[in-house]
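# Structure assessment
Chain by chain, the residues:
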Amino acid sequence: QVQLVESGGDSVQAGGSLRLSCVGSGYRYSTSTNCMGWFRQAPGKEREGVAVIFRGGGSGTYADSVKGRFTISRDSAKNTVILQMNSLQLEDTAMYYCAAAPVCTLVATQIRQWGQGTQVTVSS
């Protein structure tokens, strides 16, 4: 059974950086984690995709709002997914959730495996 645990959320000033980590377990041989990534949800708003990356490698796919600022990666053990967030803006404030799915998607309703979330707060 897939388990996802996030860490790294914090409060940061606009223009700063944060590194989010998601450590997974129970999916080494599972197609359920072919794609992993990050979604976020602000109060009163729908959950939206931020970035996703395929298990087999290649470039990540990013929401237009974070292109050029965020970078997603998976380590060599393929049990951790990282979201490096630079040039953070007020609009990036949200609860960030690690996610896993058989295929890569930025559509939150297509995700069935979620972490518990880690809060990112950006202030001016």
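Let us look at the structure shown here. (Residues numbered from 1 in each chain as written. Predicted model: local features only at pLDDT ≥ 70, side-chain atom pairs only at ≥ 80, totals over all residues. Heavy atoms only, no water.)

## Re the nonpolar core
Across soluble globular proteins, nonpolar side chains show a tendency to be buried alongside one another. With 27 residues, the main nonpolar core has Trp 38, Leu 83, Met 85 and Tyr 96 as its most contacted residues. Of all elements in the fold, only β3 (18-25), β4 (35-41), β5 (48-54), β7 (70-74), β8 (80-85), β9 (94-101) and β11 (118-123) reach the threshold of two or more residues within this core. In terms of residue count, β9 provides more of this core than any other element does, 4 residues in total. When residues no more than four places from it in sequence are discounted, the contact partners of Leu 83 are Leu 18, Arg 19, Leu 20, Trp 38, Val 50, Ala 51, Phe 70, Thr 71, Ile 72 and Tyr 96. Counting 7 residues, the second largest nonpolar core, distinct from the first, contains Cys 35, Phe 39, Val 52 and Ala 101. (Core = buried A, V, L, I, M, F, W, Y, C linked by side-chain atoms within 4.5 Å. Buried < 20%, exposed > 50% of the residue type's maximum accessible area, 1.4 Å probe, protein only. Helix = DSSP H or I, 4+ residues; strand = E, 2+ residues; numbered from the N terminus. Contact = heavy atoms within 4.5 Å.)

## Side note on the state of the cysteines
Applying the stated criterion to the full structure yields 2 disulfides. At a sulfur-sulfur separation of 2.1 Å, the disulfide partner of Cys 22 is Cys 98. Classification of the bridge connecting Cys 22 and Cys 98 rests on its S-S torsion, roughly -85°, and on that basis the disulfide is left-handed. Separated by 76 residues along the polypeptide, Cys 22 in strand β3 and Cys 98 in strand β9 bring together distant segments of the chain. Judged by relative accessible area, Cys 22 falls into the buried class, the value being 0%. What makes Cys 98 buried here is its relative accessible area of 0%. With its sulfur 1.9 Å from that of its partner, Cys 35 forms a disulfide with Cys 104. Disulfide Cys 35-Cys 104: torsion about the S-S bond near 100°, hence right-handed. Here Cys 35, found in strand β4, pairs with Cys 104, found in the loop between β9 and β10 (113-114); they are 69 residues apart in sequence, far enough to count as distant. For Cys 35, a relative accessible area of 3% translates into the label buried. Taken in N- to C-terminal order, the disulfide-linked cysteines of the protein are connected 1-3, 2-4. (Disulfide = S-S within 2.5 Å.)

## Quick word on the environment of Ser 11
Among the secondary structure elements, Ser 11 is positioned in strand β2 (residues 11-13). Residues Ser 11 and Thr 121 lie 110 residues apart in sequence; the distance between their C-alpha atoms is 4.6 Å.

## Looking at the pattern of salt bridges
The final tally for this structure, using the stated rule, is 4 salt bridges. Residue Glu 48 is joined to Arg 40 by a salt bridge in which the shortest nitrogen-to-oxygen separation is 2.8 Å. The closest approach of N and O atoms between Asp 64 and Lys 67, which form a salt bridge, is 3.0 Å. Across the pair, exposure class does not vary: Asp 64 and Lys 67 are exposed alike. Linked through salt bridges whose partners overlap, the residues forming this network are Arg 40, Glu 48, Arg 69 and Asp 92. (Salt bridge = Lys/Arg side-chain N within 4 Å of Asp/Glu carboxyl O.)

## Examining the side chain of Arg 69
Locating Arg 69 in the fold gives a position in the loop between β6 (61-62) and β7. There is a polar contact of 2.8 Å between the side chain of Arg 69 and the side chain of Asp 92. Those residues in contact with Arg 69 that sit more than four places away from it in its chain are Gln 84, Met 85, Asn 86, Ser 87, Leu 88, Gln 89 and Asp 92. (Polar contact = N/O pair within 3.5 Å; in protein donor to acceptor, adjacent residues only side chain to side chain.)

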